[in-house]
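# Chain and residue survey
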Amino acid sequence: MTQPQGALLVGSVNYDDAETTIRTAAALLGGHLKRIPDGEVGKRFHWIMFQPDVLGQAEGIERVGDEPIPFKAGLDARPLRIADGVDAASIVLPPLGYADAAIESYRVFTRLRDEGAVPDGIRFQVSLPTPVAIVASFFSGDDRAAIAPVYTAAMKAELEAILDAIPHDDLAVQWDVANEMGIIERAAIHGAPMQAWWDGDPFDGLVARLVELVDAVPADVEAGVHLCYGDIAEHHFLEPPDTSVLVRFANAVIAGASRPLSWLHLPVPIERDDPDYFSALSALTPVAELYLGLVHREDGVEGARRRIAAASAVVPTFGVATECGIGRAPEGTTEGILRTHAEVAAGW
């Protein structure tokens, strides 16, 4: 059985602040990590669920429904609509919050590195959602096609602010790709099918949109892609039957992008320690770093090693990760999950 090399923290970590996340990750996994995120703390704890509160401030965008839909952390989960008579192209969105958070957390990262708590050579990782996720999750009907270019431009502006504030040789950017997999797989959330809003093959449109984001990251900044089947109460919106769709989508993005991926992350469901799940990985276009999300808190080291053995029969070189971020894992389980990464993988 191949021993994996290296670990990837996908994004969210169940701590209250960036300093705790960065300190703990460096202490437990420093030699295994090439990059450390801030844990998506604060309002980003529930991934994109804070975005309706942000976008709802824009003139020309309205919340759907008269009463807030309470969500955790004091968020309002009501969806959004373009107000009647408003040309979406005229809407000016407020700052989305991702650049401000990244810049603030990077200050913590550099302070801890100066103190010796973070090893030299580790980059600061910023995980960003794709515009498809926000548009698909919070808008409906014709509003999706209208608002998509507006939100895409706003997300690119967030990326530019991050690139301007953080030295490129210190930065790694990961695009979180979840709703795309649901659209490709024709999955449903709460009974509603996940659908594209453009003409033509949804797959081709999704590839083109992700390629645009990958290519927006300069060549001297690391760029990674996290493919995901969702994390709703630690469950997928659909359990992938195997890695064939993941491989097909990843290969198309790699082929279409003008720059290489620095890393690619693919999920592995907890029950899949069989060769059939991994067999399609033999057709995956090689990337600099491949991470398989085979670490699960429920079965720890023993379960991870079963899945490693099955994957090793197909791909000789890979690192380990969880399927998705661990921000929603039960309180008190975070260090155990991090230690599992270290126990099953070799350091760099």
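Residues numbered from 1 in each chain as written. Predicted model: local features only at pLDDT ≥ 70, side-chain atom pairs only at ≥ 80, totals over all residues. Heavy atoms only, no water.

### Remarks on the overall build of the chain
For clarity, the threshold we go by: By the criteria applied, helices consist of DSSP H or I runs no shorter than four residues and strands consist of E runs no shorter than two, each listed in order from the N terminus. As a reference, a globule follows 2.2 Å times the number of residues to the power 0.38, and the radius of gyration itself is taken over C-alpha atoms. Only protein chains enter the accessibility calculation, which uses a 1.4 Å probe. A residue is then buried if its area is under 20% of the maximum for its type, exposed if over 50%, and partly exposed in between. Here, two residues are considered to be in contact whenever any of their heavy atoms come within 4.5 Å of each other. Per-residue accessibility takes into account occlusion by the displayed protein chains alone, with areas from the Shrake-Rupley method and a 1.4 Å probe.
Of the regular secondary structure elements, the chain holds eleven helices and 13 strands. In terms of C-alpha radius of gyration, the chain reaches 19 Å, essentially the compact-globule figure of 20 Å for 348 residues. With respect to the three principal axes, the spread of C-alpha positions in the chain is 60 × 45 × 40 Å. Buried positions account for 58% of the 348 residues belonging to the chain. Restricting the contact set of the chain to residue pairs at least 6 apart, pairs at least 24 apart contribute 78%. Total accessible area computed for the chain in this model is approximately 14100 Å², and 51% of it derives from carbon and sulfur atoms.

### Some words on the side chain of Q51
The following threshold applies: Here a polar contact is recorded for every N or O atom pair within 3.5 Å, except that within protein the pair must consist of a potential hydrogen donor and a potential acceptor, and residues adjacent in sequence are included only if both atoms are side-chain atoms.
For Q51, the position within the fold is in helix α2 (residues 51–55). A distance of 2.9 Å separates a polar atom in the side chain of Q51 from the backbone oxygen of L96.

### Digging into helix α3 (residues 98–115)
What counts, and what does not: By definition here, a helix of n residues has an expected span of 1.5 Å times n minus one.
In this model α3 runs 26 Å from its N-terminal to its C-terminal C-alpha over 18 residues, within 8% of the 26 Å that 1.5 Å per residue would give. Within the sequence span of α3, burial applies to Y98, A99, A101, A102, S105, Y106, V108, F109, T110, L112 and R113. For α3, the secondary structure elements touched by its buried residues are α1 (18–29), β1 (35–37), α2, β6 (123–129) and α5 (143–165). Directly beyond the C-terminal end of α3, a positive phi value near 95° is found at G116.

### Side note on unusual backbone geometry
Residues other than glycine seldom take positive phi values, yet W47 does so here, at roughly 55°. Looking at the secondary structure, you find W47 in the loop between β1 and α2. A positive phi is found at R186, a non-glycine position, where the angle reads about 55°. In this structure, R186 sits in the loop between α6 (179–185) and β8 (188–189). On the basis of relative accessible area, R186 is assigned to the exposed category, the value being 74%.

### Concerning the packing of aromatic side chains
Centre-to-centre distance and the angle between the planes together describe a pair of aromatic rings. Put simply, the rule reads: Think of it this way: a Phe, Tyr or Trp ring, Trp meaning its six-membered ring, pairs with another when their centres are within 6.5 Å, and the plane angle makes it stacked under 30 degrees, edge-to-face over 60, tilted otherwise. Criterion for a charge above a ring: Arg CZ or Lys NZ at most 6 Å from the ring centre, at most 35 degrees from the ring normal.
Tallied over the full model, the rule gives seven aromatic pairs. The ring of W348 is capped by K34, whose NZ or CZ atom sits 4.0 Å from the centre of that ring. In this structure, R35 is placed above the aromatic ring of W263, and the distance from its NZ or CZ to the ring centre is 4.1 Å.

### Examining the sheet that holds strand β13 (residues 319–322)
The condition that has to hold: A pair of strands counts as paired when DSSP detects no fewer than two bridges linking them. As a rule, the C-alpha atoms of each element are fitted with a line to give its axis, helices using only the stretch in contact, and angles between N-to-C directions run from 0 to 180 degrees.
One open sheet accounts for seven strands, arranged β1-β6-β7-β10-β11-β12-β13; its pairing is parallel. Strand pairing shows two members of the sheet lacking a second neighbour, β1 and β13, which therefore form its edges. Strand after strand, the sheet turns through a mean of 30° between neighbouring axes, direction not considered. The sheet contacts of α3 involve β1 and β6, and relative to β6 the element is tilted by about 160°.

### Focus: the state of the cysteines
The condition is simple: Pairs of cysteine sulfur atoms within 2.5 Å are what we label disulfides.
Following the criterion strictly, the structure yields zero disulfides and no others. For C324, which is in no disulfide, the shortest distance to another cysteine sulfur is to C228 and amounts to 3.7 Å.

### Here's the deal with the side chain of H226
On the secondary structure map, H226 appears in strand β10 (residues 222–227). Note on H226: relative accessible area 3%, which makes it buried. Looking at H226, its side chain comes within polar contact range of the side chain of H265, at 2.9 Å. With sequence-adjacent residues up to four places away left out, H226 is seen in contact with V10, Q174, W175, D176, V177, H265, E323 and C324.

Function cannot be inferred from these measures alone, as they are strictly geometric.
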